[in-house]
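Close look at the chain arrangement
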Amino acid sequence: MATQILVQEIIDFLGPDLIEVYGEFKNLYVKHLKPLSSVDRDTLDWVNPSIVNKQEISEKSNARVIIVDSDVQYTKKIASQKKVLIIVDNPKLTLAKIGNNFFVEKYEAGIHGSAVIHPEAKIGDNLYAAANVVIGKCHIGDHVVLHPNVTVNDGVIIGDHVSIKPGAVIGYDGFGYERNEKGDLTKFPQVGGLIIGDYVDVGSGCCIDRGSLGDTLIGFNTKINNLCRIAHNVEIGENVVLAGHVNISGSTIIEDNVWVSPCACFRGHQRVGKKAIIGMGAVVTKDVPPGETWVGNPARRIER
Amino acid sequence: MATQILVQEIIDFLGPDLIEVYGEFKNLYVKHLKPLSSVDRDTLDWVNPSIVNKQEISEKSNARVIIVDSDVQYTKKIASQKKVLIIVDNPKLTLAKIGNNFFVEKYEAGIHGSAVIHPEAKIGDNLYAAANVVIGKCHIGDHVVLHPNVTVNDGVIIGDHVSIKPGAVIGYDGFGYERNEKGDLTKFPQVGGLIIGDYVDVGSGCCIDRGSLGDTLIGFNTKINNLCRIAHNVEIGENVVLAGHVNISGSTIIEDNVWVSPCACFRGHQRVGKKAIIGMGAVVTKDVPPGETWVGNPARRIER
Amino acid sequence: MATQILVQEIIDFLGPDLIEVYGEFKNLYVKHLKPLSSVDRDTLDWVNPSIVNKQEISEKSNARVIIVDSDVQYTKKIASQKKVLIIVDNPKLTLAKIGNNFFVEKYEAGIHGSAVIHPEAKIGDNLYAAANVVIGKCHIGDHVVLHPNVTVNDGVIIGDHVSIKPGAVIGYDGFGYERNEKGDLTKFPQVGGLIIGDYVDVGSGCCIDRGSLGDTLIGFNTKINNLCRIAHNVEIGENVVLAGHVNISGSTIIEDNVWVSPCACFRGHQRVGKKAIIGMGAVVTKDVPPGETWVGNPARRIER
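Residues numbered from 1 in each chain as written. Chains lettered and ligands numbered in written order. Predicted model: local features only at pLDDT ≥ 70, side-chain atom pairs only at ≥ 80, totals over all residues.

Split into domains, chain A comes out as domain 1 (5-103) and domain 2 (110-302). Computed over C-alpha atoms, the centres of domain 1 of chain A and domain 2 of chain A are 38 Å apart. (Domains from an automatic or database assignment.)

Below, the structure is given as structure tokens:
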């Protein structure tokens, strides 16, 4: 990966996101991103706008190049340190964009020899399929990344720019049983589909079931952390965040921009309104109106 | 799979489950199962007996063939729509039976070339072993379905008609440690077995550990949803339902017909009596008497 | 595995751990370990020092060889039964040591033909890599056991004597997003490492993420049960126990000798002090001081 990135390249990349640059950056470069505790001379450093002592942190940083917001002054001290300040509105978002462009290794398209792909699968352009990936008779969009041991069942539809981490299980039968005359459990048919929108990220070990009669839906740009379970017929909107170990029972609807904290679980057939926030370990047994914050077992509304 | 199923075939299949058929069904066929929102002309529709307006739903359905209970009348309106009503006691169970017989794809026996099977494993008839399945020196019954990436350890005994979804980990060492003289953790031997009864379903990503000295037991027809953890020496009875993300600690006993909701967890060495119901996210730290319903953290009995 | 172990071999193995042996053991042997309910003549039995009626249990045992503490007397009755009593300080720990030495099957070093290993991975001595293991460009120490379907990402550092159960996902990207100008989620770079200390055990299906900018750390001899999630930048100390389904959010610190019960979850950026005990299903949203016990949702301190 990147070893030396010229500041000039970063400035060109930022375009209109850049408010101002202070300091002399000709031939100056950075080499890596580092956490606060180990920032060195070659780090592209940044200062979180939400903290109090940003000026002091900028002055004490060992780095030569620092991304800050416009509250930080290009003082004589910083000038004398020959530091470069890159001023932007949102340093964290800017660092994310620069990091993704210059410092994050891209997965080159290619299918590992050990991947097993159904001959009738419809595969888009630039698929990255790592070792031991298993792909059924499904549709996969363009620029999809499937990490090792991911399993995609027949009938699944996956959009473009989707990333699925190792071991995730995509589109297998949901869990539905009826008791028969003797009281024994009889499986209810699971013949529905699963549709995953563009730019969805699915975490390691997640299990997302196909619908029973209809479809399970995961909306555009929704991000799902590790070890989540999403049951049959669940409908998740756009830009939803599901943190780790979240459990969503059958037919529940999670609307756009909802934020779900780790280990929250949802009863089936509920609706969680737009921009709701669900706390860690919340046990949600009712509908949650839009914009509300719910926590606890059982979950209740709190004022934020 | 099935494209056209004649109503006559369905009637023949139902046998004594059929109470009555109304309407002309000669040469009439259905093509698929659909959820309420997308029922069309070719759907085999059904009406849930527990809802109020079944007559109205039957009359408004776009389908030509509808499974209902005997509360629904074959009215002039329905007759004029040329609909066929199939009258049974339990339309949902009947739909399940018909669906499983006519609309659910069967897994044909066969072992994928990438499966790795111990040469001394004892394998029954008609095993379906998908890609990347790993089978140790164990016993597997007849008509077993192992989905991709399932791992079965040495010493496990699996009954007939067992289905295990992708990525499940079956019969590996349990989690037991003793502190040694220096206070460091030393593993306690995990040399017991795991016995899984007939008709058990195991969900994706489940981890069921072997016993430490004795055996872990999963009883006849028990159904386990995704991402459950079942620890060493746990004993689960017959027809038990474990929903997703359930966690059962070592040596706990779950008796027959218990229903466990998602994300419930159980302390070790407890006993949960027959037909008990455990609520979502319940943290069960005590014995639960038969037939009781427990919810909350810590879990307590509630009246239903 | 072991079929007949002479008592003499066990005594030689125990060395200074042995306090006394009573009874005639020339040519006497044991064949296996068994749970209390199925102890037979050939079992190496033991009596838990914490129970009340140890003398009675020793006298009623069907076994010929029993490990006990010095509270148990070599009575006339036991002598007449021709039993051998092995007296030690801690029978359970002693049984663990004997069991691990004589009765637990060792994994012989070797790499299964289906394992996929990056050509630049640095692998120590005596690696056991089972079927379908995927190893990136990482460092792996000596005497490491990787069970089937384990996936280790590039950049991970794994110490000596580490054991990782099936399906665990080691060192993939953490879960960090920033909202961009349009409110859409943009991934924050995940370029840090993951360092796993010596003698760590990782359970089946666990997901341990790499750091975002810094490293995720798992300390010496820490034991992690199945289906745990450890997020980016988490730091776990030495001899920590994480039971099943534990969820630790980003940048949280768990100090040495902490005991975490099943299904506990931790907010990010918290610190759990040494020897703290966290109860089952606890939802930990604050720092926990050393030595305290916290339970509940939200978790609060209790007196033990």
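So, on to unusual backbone geometry. Where the residue is not glycine, phi is negative for most of them; where a peptide bond is considered, it is trans in most cases. Residue and element names in this part refer to chain A. Along the chain, asparagine 297 connects to proline 298 via a cis peptide bond; the corresponding omega equals -5°. Turning to its location among the elements, proline 298 is positioned in the loop between strand S35 (293-295) and strand S36 (300-302). One non-glycine residue, lysine 82, lies in positive phi territory at about 55°. Mapped onto the elements of the fold, lysine 82 is located in the loop between helix H3 (76-80) and strand S6 (84-88). Of note in this structure, cysteine 263 is not a glycine but carries a positive phi near 65°. (Helix = DSSP H or I, 4+ residues; strand = E, 2+ residues; numbered from the N terminus.)

The interface is formed by 40 residues belonging to chain C together with 35 residues belonging to chain B. Of the residues forming the side of chain C that touches chain B, the biggest block, seven residues, is contributed by helix H4 (residues 91-103) of chain C. Split by residue class, the side of chain C that touches chain B holds 14 nonpolar, 21 polar and five charged. (Contact = placed C-beta atoms within 7 Å. Nonpolar A, V, L, I, M, F, W, Y, C, P; charged D, E, K, R; others polar.)

The operation linking the two copies of the chain is a rotation about an axis combined with a translation along the axis. With an RMSD of 0.0 Å, chain C superimposes on chain B once it is rotated by 120° and translated 0.0 Å along the axis. Such a turn and shift between the copies fits a three-fold axis. Here only 18% of the interface residues in chain C have copies in chain B that are interface residues too; the copies meet through unlike faces. (Least-squares fit on C-alpha atoms with pLDDT ≥ 70 in both.)

All names here are of chain B. The strand order across the open sheet formed by eight strands is S9-S12-S15-S20-S23-S26-S29-S32, and the pairing between neighbours is parallel. With partners counted over all chains shown, the strands left at the sheet margins are strand S9 (122-123) and strand S32 (271-272), one partner each. Bridge analysis of strand S23 (residues 215-218) against strand S26 (residues 235-236) gives two bridges, and the strand direction is parallel. Bridge pairing in S26 places isoleucine 218 opposite isoleucine 236. (Pairing = 2+ DSSP bridges.)

The interface is formed by 35 residues belonging to chain C together with 40 residues belonging to chain A. Looking at the side of chain C that touches chain A, the elements that each hand over two or more residues are strand S17 (169-172), strand S18 (177-179) and strand S19 (185-187) of chain C. Grouping the amino acids of the side of chain C that touches chain A by side-chain chemistry returns 16 nonpolar, 14 polar and five charged.

We now examine the nonpolar core. Among the nonpolar cores identified, the biggest contains 198 residues, and Ala264(A), Val284(A), Ala264(B), Val284(B), Ala264(C) and Val284(C) are the most heavily contacted of them. Beyond its immediate chain neighbours, meaning those up to four positions away, Val284(A) contacts Ala264(A), Cys265(A), Phe266(A), Arg267(A), Gln270(A), Ile278(A), Trp294(A) and Ala299(A). (Core = buried A, V, L, I, M, F, W, Y, C linked by C-beta atoms within 7 Å. Buried ≥ 20, exposed ≤ 12 C-beta atoms within 10 Å, placed from the backbone.)

Next up on the list: the pairing of strand S20 (residues 193-196) of chain B. Residues and elements named next belong to chain B. Burial along S20 is one-sided: the face carrying Leu194 and Ile196 is buried and the face carrying Gly193 and Ile195 is not. Bridge count between strand S15 (residues 156-158) and S20: three bridges; the pairing is parallel. Counterpart to isoleucine 158 in the pairing with S20 is isoleucine 196. Relative to S23, S20 runs parallel, the two sharing four bridges. Directly across from isoleucine 196, in S23, lies its bridge partner isoleucine 218.

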